[in-house]
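Descriptive structure summary
This is what each chain is made of:
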Amino acid sequence: MFFLRYCFFILILWLSLFIFASPSFADAERIPLTLDLLQERLNSPQIEEGISTIDLSHFVIDLTPENREFREEFYQQLQSRLNRSDQVIGLDFSNGLIQGDFITSRLGLRTVLSSEALPQILTEIETKIVTADEQFSSNPGDILTSVILLRSSVKLNDTLITGKADFRGTFFLQKLEAKQAKFTQEIDFSQCHFARTSDFSQAVFGRDVNFNLANFRKKVKFIQTTFQGEANFIRSQFQEEADFSQAEFIKIANFQHSLWSEYVNFSNINWRDRVIFSNSIFSESVSFLNSTFEKSISFRKTYFRVLLSLKDIKILGTMDFSNAEFFRVRGVNISGLAFESDGAKIFGDTGSIGRVMYLNNLEGNETVLRNLIQNFRKLEQIPDANQLDYKTQKLKQEQLITQLIKNPYLQIFRLTFIKLIIHFVFLSILLLLSDYGTNFNLIFGVGLINIGYFGVLFWLVDRWRRRLPNPILPNQYDIICMLISGLLLIGMGTVEIVNAAENYIITLICLGLILVPIPIALLGRIYQGGRYHDLMESSYFVMDGALRQLQLLIVRLPIIPEFHFFRDRYTPLVWERRWNWLNYYDFSLNNFLKLGFNDIRLRDQHIPGLITTLVWYQWSLGILYIVLLLWTLSRTIPGLNVLIYLK
């Protein structure tokens, strides 16, 4: 008895699995739609979501050419019922099977977007929806656009259409739902207007789908939608949020000249073929979070007003930003971006694309920055590589600040803490004075200020010595020339810094801390104590009269040699000459940049040590400046950059 019950249970289980696993089981739930059933459903609509709806769900609707008589009656009766009613009537084809071609032009009213041509049957709300369209308000002389007004809401949820679906030129006055719908042939939504929300979530487009010139005036969803053929959205408009998350594009996805007015979600998408967004406009942020691009993607001449998120994306092909425009400096989030093949690369306008890329933090993104820097160096887009290198160091600086804040005060004198402070100060100076070796204009401005500032200081300490008992002072002409020329050089340098620095105020403060405290303290001590030494009425600076030429003096020291044979060649600067004030700038140039027209040095007899300290201080700053300048040039000149950084 037990054995018989066991066998009976196994038989029932096997039959159940066979029935429910059979591909035709879904069709078994559907029944063929006949004219009698159609008439019955037309006469007895159901209320769904507050709308009177013609329920044609779970039907097999045969619209093939072989069933021509039924097809003609089907379209004629539906069109008559939908367009002769004073109220909106919905159409529900959910869980149905539509065999043959499905054509919406045979269900709606053909008209043109003109107030005189609109059907009188339209309600006041429907008329406002139609007349609110942008094309309706075009110039009277323009060619009026012909559309198919479809007053019904349409549900195609879990519907299978075996033939072509022709929605071309349809104006959907109500919402369209096609969740989990399956389209086995080509679909044409070109020049469609979607006045309400439309939902294609989890739909499958088996062949090419055409949304060219489509206008989505409300939110549209393509969540988890599969595009097995080409997806064409050329010149389409999305006036509200568009959600393509988790979709899959098997072939080319073409969004050329598309307009996106609100937030766009392209996250978690696998793009298996080329993607084209050329000449498109994104008015709000767009996200490609965690998407994969197996081939090329083009953003040529695309405009981004807010943010483009490339966070955690994977690139196997090329990404082209040529002539793309970004309204904001922080325009492209590259956090977690990964190059998944040797041929993967990103390129755009040199000097622009690297500037708009940004990261919120460095932790976990070291590889991202390293790969992008190497990418731009291989493409010889040196300014973009330097921009990313600069941003890397800025993020490191933020990390150091965080570590300094979190470090307990009890450890302030430990070696690791001291090293951390030194590293921070050194990095901050490099960032402020040269953008970490990426901004030649910035470091040029720093040099101008230094040369002009020290030139005035050397002139002051040499010419303005005492008022009593016998005054040793410069004449009025020298004072005017030095003040004007000094202010001019310092002003030119300041303008360069203001134009080149990211935060010029902090940069100028940093430069002031280097140039002002020590020299001013030395000058204050000199004038406070007074000067009492021999050769008081002779210049502290001497010039080699044997040479007058532009020369590089990199190995020369600022003090004259002690051997008397060389001493005879150097004579003190003559104060009475009209253009003598230029010699102080020449010495400042020699002492700082190791380049000058005359070999001017500091005498070594009867000279206060504080003045010597001032000269050596500028000389030391000059050595550091030359190193920074050469490093900056090597990073900004393409040939030198490739030579130094090529790996």
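Because the structure is a prediction, the values reported are computed rather than measured. Numbers given to residues run from 1 along each chain, matching the order in which its sequence is written. Reporting in this predicted model follows two pLDDT cut-offs: at least 70 for local features of residues, and 80 or more for side-chain atom pairs to be given and counted; totals over whole chains, interfaces and linings ignore these cut-offs and use all residues. Hydrogens and waters are ignored; side-chain quantities use all the structure's heavy atoms.

Describing the overall build of the chain
- Numbered from the N terminus, helices here are DSSP runs of H or I no shorter than four residues, and strands are runs of E no shorter than two. Looking only at helices and strands, the chain features 17 helices and 50 strands.
- Counting all 647 residues of the chain, 48% fall into the buried class.
- Across the chain, every contact between residues at least 6 apart in sequence was considered, and the portion connecting residues at least 24 apart equals 54%.
- In the form shown here, the chain has an accessible surface area of approximately 32300 Å², with 58% of it arising from carbon and sulfur atoms. Think of it in three bands: with a 1.4 Å probe and only protein chains considered, a residue is buried below 20% of the maximum accessible area for its type, exposed above 50%, and partly exposed in between. Should any heavy atoms of two residues lie within 4.5 Å, those residues are counted as being in contact. For accessible areas, the Shrake-Rupley method is used with a probe of radius 1.4 Å. Any residue's cover is judged against the shown protein chains and nothing else.

Observations concerning the sheet that holds strand β40 (residues 318-321)
- Strand pairing follows a simple DSSP-based rule, namely that at least 2 bridges must link the two strands. Spatially, the 10 strands line up as an open sheet ordered β7-β12-β16-β20-β24-β28-β32-β36-β40-β44, and their pairing is parallel. Every interior strand has two partners, whereas the edge strands, β7 (102-103) and β44 (345-348), have only one.
- Note: β7 against strand β12 (residues 165-166), two bridges, orientation parallel. Residue pairing across strands places F102 opposite A165, the latter belonging to β12.

Some words on helix α15 (residues 582-593)
- The first and last C-alpha atoms of α15 sit 16 Å apart over 12 residues, in line with the 16 Å expected at 1.5 Å per residue.
- Listing the buried residues of α15 in full gives N583, Y584, Y585, D586, F587, S588, L589, N590, N591 and F592.
- Elements that come into contact with the buried residues of α15 comprise α10 (440-463), α11 (476-500), β46 (541-544), β49 (595-596), β50 (600-602) and α16 (609-636).
- Immediately downstream of α15, the backbone of K594 shows phi near 60°, a positive value. Here, expected helix span is obtained from the residue count minus one, scaled by 1.5 Å.

Focus: the packing of aromatic side chains
- Ring pairs are drawn from Phe, Tyr and Trp, using the six-membered ring of Trp, whenever the two centres fall within 6.5 Å, and their geometry is named by plane angle: stacked under 30 degrees, edge-to-face over 60, tilted for the rest. Applying the stated rule across the entire model yields 70 aromatic pairs.
- Between F200 and F205, the aromatic rings sit 6.2 Å apart at their centres with planes inclined by 45°, giving tilted as the arrangement.
- Lying over the aromatic face of Y527, R531 brings its terminal NZ or CZ to 5.2 Å of the ring centre. Here, a charge over a ring means that NZ of Lys or CZ of Arg falls within 6 Å of the ring centre while also lying within 35 degrees of the ring normal.

Notes on the pattern of salt bridges
- The term salt bridge refers to a side-chain nitrogen of Lys or Arg lying within 4 Å of a carboxyl oxygen of Asp or Glu. In this structure the tally under the stated criterion is 18 salt bridges.
- Taken together, the salt bridges that share partners define one network made up of E48, E49, K155, K175 and E177.

Description of the environment of L91
- Summarising the element assignment, L91 is placed in strand β5 (residues 89-92).
- Sequence spacing of L91 and S153 is 62 residues, and the spatial spacing of their C-alpha atoms is 6.0 Å.
- Sequence-distant contacts of L91, defined by excluding residues within four places in its chain, comprise T53, I54, L78, L82, L107, S152, S153, V154 and K155.

So, the packing of helix α7 (residues 366-378) against helix α8 (residues 382-406)
- One can describe the packing of α7 onto α8 by two numbers: an axis separation of 7 Å at closest approach and a directional angle of 160°. The orientation of α7 relative to α8 falls into the category roughly antiparallel. The two elements α7 and α8 meet at a crossing, and its hand is left-handed. Counting all contacts with α7, which are made through L369, L372, I373, F376 and R377, the residues of α8 involved are I382, D384, A385, L388, D389, T392 and L395.
- Of the residues contributing to the contact of α7 with α8, the split by class is eight nonpolar, one polar and three charged. Throughout, an axis means a line fitted to C-alpha atoms (over the contacting stretch in the case of helices), and angles, computed between N-to-C directions, take values from 0 to 180 degrees. An angle counts as roughly parallel when it lies under 35 degrees, as roughly antiparallel when it exceeds 145, as roughly perpendicular when it falls between 65 and 115, and as oblique in every other case. Definitions for this section: a left-handed crossing has its near helix turned counterclockwise from the far helix by less than a right angle. A right-handed crossing has that turn clockwise. By the convention adopted, Pro, Cys, Tyr, Trp, Phe, Met, Ile, Leu, Val and Ala count as nonpolar, Lys, Arg, Asp and Glu as charged, and the other residues, Gly among them, as polar.

Topic: the sheet that holds β46
- One open sheet holds the three strands; their spatial order is β48-β46-β50, and the pairing between them is antiparallel. A strand with exactly one partner marks an edge of an open sheet, and here the two such strands are β48 (570-572) and β50. With strand direction ignored, the average angle separating the axes of adjacent strands in the sheet is 40°.
- Relative to β48, β46 runs antiparallel, the two sharing three bridges. The partner of D544 across the bridge, within β48, is Y570.

A few points about unusual backbone geometry
- Here L468 and P469 are connected by a cis peptide whose omega angle stands at -5°.
- Here P469 lies in the loop between α10 and α11.
- The phi torsion at D435 lies on the positive side, around 50°, for a residue other than glycine.
- Note on placement: D435 falls in the loop between α9 (415-434) and α10.

Regarding α7
- For α7, built from 13 residues, the straight-helix expectation of 18 Å at 1.5 Å per residue is met to within 8% by its first-to-last C-alpha distance of 18 Å.
- Count one or two residues on from α7 and you reach E380, which has phi positive near 60°.

Observations concerning the side chain of N333
- Within the fold, N333 resides in strand β42 (residues 332-333).
- The exposure class assigned to N333 is buried, which follows from its relative accessible area of 7%.

Overview of a nonpolar patch on the surface
- Patch criteria: residues need more than 30% relative accessible area and no salt bridge. Like-charged residues are merged within 9 Å; nonpolar side chains of Val, Leu, Ile, Met, Phe, Trp and Tyr are merged within 5 Å. A grouping of V498, Y504, I505, I506, I509 and L513 is seen on the molecular surface, where their side chains present a nonpolar patch of about 550 Å² in accessible area.
- Looking at the nonpolar patch element by element, the count peaks at five residues for helix α12 (residues 504-515).
- Here V498 shows up in helix α11.

Structural notes on the packing of α10 against α12
- At a minimum axis separation of 12 Å, α10 and α12 run at an interaxial angle of 35°. α10 and α12 meet at a crossing whose hand is right-handed. Of the residues in α12, those in contact with L442, V446, I449, N450, Y453 and F454 of α10 are T507, L508, L511 and L515.
- In the contact of α10 with α12, the residues fall into eight nonpolar, two polar and no charged.

Let's talk about the pairing of strand β4 (residues 59-63)
- Of all five residues in β4, four are buried; the element is thus mostly enclosed.
- Relative to β4, strand β1 (residues 31-32) runs parallel, the two sharing two bridges. Paired with P32 across the bridge in β4 is V60.

Some words on the confidence of the model for the chain
- Summary statistics for the chain give a mean pLDDT of 88 and a share of 90% for residues scoring 70 or more.
- Think of pLDDT as the predictor's per-residue confidence, scored from 0 to 100. The weakest mean pLDDT in the chain belongs to helix α1 (residues 2-21) at 44; the strongest belongs to strand β32 (residues 275-276) at 98.
- Between residues 6-28, whose pLDDT stays under 50, and residues either more than four places distant or in other chains, the model counts three contacts.
- Note that residues 136-144 has pLDDT below 50 and, in this model, eight contacts with residues that lie over four places away or in other chains.

Some words on the environment of I161
- Note that I161 resides in strand β11 (residues 160-161).
- With relative accessibility at 1%, the residue I161 sits in the buried group.

A look at the environment of F277
- Along the polypeptide, F277 turns up in the loop between β32 and β33 (281-282).
- Along the backbone, F277 and I297 are 20 residues apart, and their C-alpha atoms lie at a distance of 7.6 Å.

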